[in-house]
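Observations on the model geometry
In case you want the letters, here they are:
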Amino acid sequence: MNDAVGGRWATLDRIVSIEPGTRAVALRNVPNTLAIFDTHFPRFPVLPGVLILGSLGALAGELLRQERGGRWELRAAARVGFRHFVQPGDQLELAVELSEQSEAGAVLKGEAKVDGRVVTRARELRMARIAS
Amino acid sequence: MRFHLIDRVEEWEPARSVRARKVTSYSEDYWEEVDGQPIVPPPFLFEALCQAGTWLIMNTTDRRKRAALLSVDSVSWLGHVTPGAVLEMVGTVDSFGEERAILSGHVTADGVTVLEASEIMCALIDADDLASADETERLQTMINRAGD
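Summary of the structure given here. Predicted, not measured: the structure shown is a model, and the values here were computed from it.

Description of the overall build of chain A
When you go through chain A residue by residue, the secondary structure sums to one helix and six strands. Counted from the first residue to the last, chain A has its helices and strands arranged as β-β-α-β-β-β-β. Its C-alpha atoms put chain A at 45 × 30 × 25 Å along the principal axes. Across the 132 residues in chain A, those meeting the buried criterion constitute 52%. For chain A, restricting intrachain contacts to residue pairs at least 6 apart in sequence, the fraction spanning at least 24 positions comes to 64%. When the accessible surface of chain A is split by element, carbon and sulfur atoms take 44% of a total near 6,000 Å². Taking the 18 positively charged and 15 negatively charged side chains of chain A as two groups, their mean positions are separated by 4 Å.

Regarding the nonpolar core
Nonpolar side chains tend to gather and get buried jointly when the protein is soluble and globular. Within the largest apolar cluster, 77 residues are counted, with the highest numbers of intra-cluster contacts made by Leu53, Leu92 and Leu108 of chain A together with Phe46 of chain B. Beyond its immediate sequence surroundings of up to four residues, phenylalanine 46 of chain B is in contact with Val50 and Leu53 of chain A together with Leu69, Val72, Val75, Trp77, Leu115, Ala117 and Ile120 of chain B.

Describing the packing of aromatic side chains
Aromatic ring pairs are reported here in terms of the distance separating the ring centres and the angle at which the planes meet. Counted by the stated rule, this structure contains six aromatic pairs over all chains. Judged by centre distance (4.9 Å) and plane angle (65 degrees), the ring pair of tryptophan 9 of chain A and phenylalanine 44 of chain B falls under edge-to-face. Of this pair, tryptophan 9 of chain A sits in the segment before β1 (14-19) while phenylalanine 44 of chain B sits in helix α1 (residues 42-60), on two different chains. For the pair tryptophan 9 of chain A and phenylalanine 44 of chain B, one class covers both residues: buried. On the basis of an interplanar angle of 45 degrees and a centroid distance of 4.9 Å, the ring pair of tyrosine 30 of chain B and tryptophan 31 of chain B is categorised as tilted.

Topic: the pattern of salt bridges
Residue and element names in this part refer to chain A. This structure, assessed with the given rule, holds 15 salt bridges over all chains. A salt bridge links glutamate 62 to arginine 65, with the nearest nitrogen and oxygen atoms 2.9 Å apart. Linking glutamate 62 with arginine 65, this pair stays in helix α1 (residues 49-68), spanning three residues, or about one helical turn. Since its relative accessible area comes to 4%, glutamate 62 is described here as buried. What you see here is one network of salt bridges that share partners, running through Arg79, Glu124 and Arg126.

Thresholds applied
Think of each chain on its own: its residues are numbered from 1, step by step along the sequence as written. In the order they appear in the text, chains get letters beginning with A and ligands get numbers beginning with 1. Since the coordinates come from a predicted model, pLDDT governs what is reported: local features require at least 70, and pairs of side-chain atoms require 80 or more to be given and counted, while whole-chain, interface and lining totals use all residues. Computation of side-chain values: all heavy atoms of the structure, hydrogens and water removed. Note on conventions: DSSP H or I runs of at least 4 residues are helices, E runs of at least 2 residues are strands, and numbering of each starts at the N terminus. Categorising residues by exposure relies on relative accessible area from a 1.4 Å probe, with only protein chains included: less than 20% of the type maximum marks a residue as buried, more than 50% marks it as exposed, and the intermediate range marks it as partly exposed. Contacts are assigned to residue pairs with any non-hydrogen atoms lying within 4.5 Å of each other. Note that accessible areas follow from Shrake-Rupley with a 1.4 Å probe, and for residues the cover is restricted to the protein chains shown. Charge counting follows a simple rule: Lys and Arg are positive, Asp and Glu are negative, and His as well as the terminal groups are ignored. Charge placement uses NZ in Lys and CZ in Arg. For Asp and Glu, CG and CD serve respectively. Residues belong to one nonpolar core when they are buried, are Ala, Val, Leu, Ile, Met, Phe, Trp, Tyr or Cys, and are joined through side-chain atoms within 4.5 Å. We call Phe, Tyr and Trp rings a pair once their centres come within 6.5 Å, taking the six-membered ring for Trp, and we label the pair stacked below 30 degrees between planes, edge-to-face above 60, and tilted otherwise. Salt bridges, as used here, are contacts in which a Lys or Arg side-chain nitrogen is within 4 Å of a carboxyl oxygen on Asp or Glu.

Below, the structure written as structure tokens:
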């Protein structure tokens with residue numbers, strides 16, 4: 001398994017499980033050392049929601065890559081809710097589930113939890129294959 | 001890195017609209033590589049539009065409030081952005097209340113649309129809870145100088 005999926009921003013620290021064609025689960029840790037917390041925000045550090053969405057996209061891409069090969073990119077997201085702040089010390093459990101797929105694309109739904117509580121939910125993650 | 005993705009607010013109308021700018025440079029330290037080419041991490045493009053909305057809220061409320069992202073109805077990424085590009089974030093308010101605001105908009109890179117988003121809903125929270133008033137005022141002065 002590749003533990004560096006998602007890179008520095010749409011980070012996935014560990015892939016927990018991948019069921020090709022069905023779903024995938026991964027972890028992202030949120031340490032207090034992240035420089036982003038200096039400015040986001042000085043008095044109240046919060047992991048930007050856009051980065052959680054990025055991690056869900058990276059996990060969706062990894063699920064598709066393992067089943068179908070190539071490289072996949074998040075092209076669109078719809079009906080995304082950010083319900084709770086994610087702060088230093090939290091561990092995000094990210095899960096994506098395949099809803100539909102075609103030759104060039106796929107639609108998944110995704111969810112991020114901290115301690116079992118949903119913090120972010122994306123009803124639609126639209127992925128496109130960008131390399132074979 | 002400093003997560004300040006707006007360099008200037010070029011134009012704004014209270015509680016109505018905002019147009020903001022960010023220049024990108026290879027000297028920044030956020031680049032990620034795709035097919036051997038550095039690109040702006042796609043989540044940053046969305047964040048830049050959200051931050052343009054935040055500055056509109058701060059300008060409109062005289063720095064009393066800023067925004068926390070609650071939801072987005074849809075967001076689409078239409079292209080990659082490479083070093084040297086000049087980003088323009090354009091946001092239009094769909095609704096603006098005491099507690100919440102909803103904004104739709106797009107981001108262009110050198111005039112080409114690279115992101116579109118509709119109905120970005122944010123909570124208006126007390127700015128003092130997030131950052132010191134002095135620092136926010138200093139930044140606001142810098143960022144608004146183009147619109148003076």
